[in-house]
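One letter stands for each residue in the lines below.
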Amino acid sequence: MNLPLRQGRAEWKYLFPIRGQYRLTVEFVAPDGRKVNKTFPLAIRENKQKWFLLGIFTVGLFALGALAGRIFTRALPDVKGRVAACLLLSIVASGEVAAQELGQRKYFGWLEIDPATVGKASKVRWRLAGEENAESRGVLLTLTIAHLEKGKTVFAIERLPVEREFALNFQFTDGAEYRVAAIAYVTGGQMLRTEQNISVTGVEPPARAMIPAIAFFLAVIALGLGVGRWSRRAAPS
């Protein structure tokens, strides 16, 4: 996205979807045409709460495996090496709902969003329309993108000076429903609100990302089964 500098600064809010190493590339264009490029490395840490929840989930899988090991050992004492494993995959599809509010006075805001797919940048455009001189009107634009299921704002820019239109390329991180809302404060006191709900098309993660996690959880269950069978056999008759 292209942003004008106000008092030498440009600000926006962004919710990083996952921990990891990021790069923010900035190109500054001076009034005389000079250009300066710089890349800023960003290190995003994992949320501590996720590690805690992962630990609880792992302990639960181990306890489930141990309980299953004791039950199956009691029911089939003469059978060795029998292991039962169950995997459940759920897919939640989100429907698409679109809503747009147009100004009822001289001007109205026009919001257009390209079809969104996870992993691909989608063009988000806003422009002022209405009377013939709409393009020359000064506008302060506030644009937000919110994840409806999580109830969190993933991107926000507030009171950005816009002459006639604003556009950015935004990459949605999961196949869910989002709300893109724009509030424009037009010179003269008129406020225009335009919003649209979009349903992002999800993409299955690659096998190299799923196999390590599945193997880890299966190993925890198998370890629990082994401990359960051992404890059952080691118990006094």
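As the structure is a computational prediction, the values presented were derived from the model and not from experiment.

Asker: What is the right way to read the packing of aromatic side chains from this model?
Answerer: In this description, a pair of aromatic rings is defined by centroid distance and the angle of the planes. Applying the stated criterion across every chain yields a total of eight aromatic pairs. Ring plane angle 70° and centroid distance 6.3 Å describe the contact between Tyr-14 and Phe-170, whose orientation is recorded as edge-to-face. On the criterion of sequence distance, the pair formed by Tyr-14 in strand β1 (residues 13-14) and Phe-170 in strand β8 (residues 165-171) is long-range, its members being 156 residues apart. Through a chain of ring-to-ring contacts, the aromatic side chains of Tyr-14, Phe-16, Tyr-22, Phe-155, Phe-170, Phe-172 and Tyr-178 assemble into a single cluster. The residue whose ring lies beneath Arg-159 is Tyr-185, and the NZ or CZ to ring-centre distance is 4.1 Å.

Asker: Just checking my understanding: could you explain the sheet that holds strand β9 (residues 177-186) for this structure?
Answerer: What the five strands build is an open sheet, ordered β1-β7-β6-β9-β10; its pairing is antiparallel. Each end of this open sheet is capped by a strand with a single partner; those strands are β1 and β10 (191-199). Where strand β6 (residues 139-147) lies against strand β7 (residues 152-162), eight bridges are found, and the strand directions are antiparallel. For Leu-143, the partnering residue across the bridge sits in β7 and is Ile-157.

Asker: Would you explain the sheet that holds strand β4 (residues 107-113) in this entry?
Answerer: Sheet strands pair via backbone hydrogen bonds, and the direction of the pair is either parallel or antiparallel. Sheet architecture is open: three strands sit in the order β4-β5-β8, paired in antiparallel fashion. Sheet topology places β4 and β8 at the edges, where each strand pairs with a single neighbour. Across the sheet, the axes of successive neighbouring strands diverge by a mean angle of 15°, strand direction being ignored. In terms of strand pairing, β4 meets strand β5 (residues 121-130) through seven bridges, oriented antiparallel. Paired with Phe-108 across the strands is Ala-129, a residue of β5.

Asker: Mind showing me how you'd approach a nonpolar patch on the surface here?
Answerer: Nonpolar side chains collect at one region of the surface, where Met-1, Trp-12, Tyr-14, Phe-16, Leu-24, Val-26 and Phe-40 lie side by side and expose about 550 Å² of accessible area between them. Here Met-1 lies in the segment before β1.

Asker: Would you take a moment to explain the nonpolar core for this structure?
Answerer: When a protein is soluble and globular, its nonpolar side chains tend to lie buried together. Core analysis: the largest hydrophobic core is formed by 30 residues, its most contacted members being Trp-126, Leu-143, Ile-145, Phe-170, Phe-172 and Tyr-178. Going through the elements one at a time, β4, β5, β6, β7, β8, β9 and β10 are the ones with two or more residues in this core. Not counting residues within four places of it along the chain, the set of residues in contact with Ile-145 comprises Lys-152, Thr-153, Val-154, Phe-155, Phe-170, Phe-172, Tyr-178, Arg-179 and Val-180.

Asker: How do you make sense of the pairing of β10 when you look at a structure like this?
Answerer: Residues in a regular strand project their side chains so that they alternate between the two faces of the sheet. Taking burial as the measure, the nine residues of β10 include seven buried ones, the bulk of the element. Linking β9 to β10, which pair antiparallel, is a turn of four residues; within it Gly-188 sits at a positive phi near 115°.

Asker: Looking at this structure, I do not really get the confidence of the model for the protein. What am I missing?
Answerer: As a general rule, the predicted coordinates of low-pLDDT regions are not to be interpreted in detail. Put simply, the protein has an average pLDDT of 79, and 81% of its residues get 70 or more. A low-confidence stretch, residues 75-104 (pLDDT under 50), is modelled with 39 contacts involving residues beyond four sequence positions or located in other chains.

Asker: Would you mind showing me how to read the pattern of salt bridges here?
Answerer: Opposite charge on two side chains permits them to pair, given that their charged atoms come into close proximity. With the rule as written, the count across this model stands at seven salt bridges. We note a salt bridge from Glu-158 to Lys-13, for which the minimum N-O separation is 3.6 Å. Here Glu-158 is found in strand β7, whereas its partner Lys-13 is found in strand β1, with 145 residues between them in sequence. Judged by relative accessible area, Lys-13 falls into the exposed class, the value being 52%. Salt bridges sharing partners connect three or more residues here, namely Glu-112, Asp-114 and Arg-125.

Asker: What should I look at first to understand the side chain of Asn-197 in this one?
Answerer: With respect to the helices and strands, the residue Asn-197 is situated in strand β10. Reaching out from Asn-197, the side chain makes a polar contact with the side chain of Arg-179 at a distance of 3.0 Å.

Parameters at a glance
Residues numbered from 1 in each chain as written. Predicted model: local features only at pLDDT ≥ 70, side-chain atom pairs only at ≥ 80, totals over all residues. Heavy atoms only, no water. Phe/Tyr/Trp six-rings, centres within 6.5 Å; stacked < 30°, edge-to-face > 60°. Helix = DSSP H or I, 4+ residues; strand = E, 2+ residues; numbered from the N terminus. Lys NZ or Arg CZ within 6 Å of the ring centre and 35° of its normal. Pairing = 2+ DSSP bridges. Axes fitted to C-alpha atoms, helices over the stretch in contact; angles between N-to-C directions. Patch = residues over 30% accessible without salt bridge, like charges linked within 9 Å, V, L, I, M, F, W, Y side chains within 5 Å. Areas by Shrake-Rupley, 256 points an atom, 1.4 Å probe, with all protein chains shown as cover. Salt bridge = Lys/Arg side-chain N within 4 Å of Asp/Glu carboxyl O. Core = buried A, V, L, I, M, F, W, Y, C linked by side-chain atoms within 4.5 Å. Buried < 20%, exposed > 50% of the residue type's maximum accessible area, 1.4 Å probe, protein only. Contact = heavy atoms within 4.5 Å. pLDDT = per-residue confidence, 0-100. Polar contact = N/O pair within 3.5 Å; in protein donor to acceptor, adjacent residues only side chain to side chain.

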